[in-house]
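Read off the chains here:
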Amino acid sequence: MGSSNNAKNSDDGADDRFTLYDLRVDVVATDRPMVCDHREGEYFLVIGEQIVFPEEGRRRFPLYPLAALLPLLPAKQRSTDDKDWMTTDAEIACPDPHCGGRFRITRVGKRSFSHAETTAVPLPPKDGKPT
Ligand SMILES: [Zn+2]
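Residues numbered from 1 in each chain as written. Predicted model: local features only at pLDDT ≥ 70, side-chain atom pairs only at ≥ 80, totals over all residues.

**Observations concerning the overall build of the protein chain**
Looking only at helices and strands, the protein chain features 4 helices and 5 strands. The secondary structure elements of the protein chain, listed N-terminal to C-terminal, are β-β-β-α-α-α-β-β-α. Considering the protein chain as a whole, with its 131 residues, one finds that 15% of them fall into the buried category. (Helix = DSSP H or I, 4+ residues; strand = E, 2+ residues; numbered from the N terminus. Buried ≥ 20, exposed ≤ 12 C-beta atoms within 10 Å, placed from the backbone.)

Written as structure tokens, this is what we have:
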């Protein structure tokens, strides 16, 4: 996939780069009706620190399902062990107990980011000693 579009100068050079997965979160129907304002087929993307709604969609998402998804998204963006449940499990139930909606998180690509462009905290020196 692409790299960060940020053009800030970095003294760290190319070796300060790290990779995150881009995610797609799809609303998935079950045999129970959905009672919240999310509809089968709707989706949003997670790219770096941004939630991105598709141009063709409604461009909104209900608060409480989003609150249930948010803790999982940064973990799904990062590489995980093949045997870790975080790697294999992809469907999250809507937190409304009356709602049949589920949300499928799919890793759709990888993107490279610069440490210096994403935090003010410096990398530790290469000799491993703390600053
Ligand atoms: Zn719901």
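**What about the nonpolar core?**
In terms of nonpolar packing, the biggest core is built from 11 residues, these being Leu20, Tyr21, Leu23, Val25, Val27, Phe44, Val46, Phe61, Leu69, Phe103 and Ile105. Within the residue set of this core, elements represented by two or more residues are strand 1 (17-28), strand 2 (43-47) and strand 5 (102-114). Beyond its immediate stretch of four places on either side in the chain, phenylalanine 103 contacts Val25, Asp26, Val27, Val28, Pro65, Leu69 and Ile92. (Core = buried A, V, L, I, M, F, W, Y, C linked by C-beta atoms within 7 Å. Contact = placed C-beta atoms within 7 Å.)

**Quick word on unusual backbone geometry**
Located in the positive-phi region is arginine 59, a residue other than glycine, with phi close to 65 degrees. Here arginine 59 is to be found in the loop between strand 3 (50-52) and helix 1 (63-69). Exposure remark for arginine 59: the 11 C-beta atoms within 10 Å place this residue in the exposed category.

**A few points about the sheet that holds strand 2**
The strand order 3-2-1-5-4 describes an open sheet built from 5 strands, whose pairing is antiparallel. At either margin of the open sheet sits one strand with a lone partner, and together these are strand 3 and strand 4 (91-93). Strand-to-strand, the axes of this sheet are offset by a mean angle of 30 degrees, without reference to chain direction. (Pairing = 2+ DSSP bridges. Axes fitted to C-alpha atoms, helices over the stretch in contact; angles between N-to-C directions.)

Any functional reading would require information beyond the geometric quantities listed.
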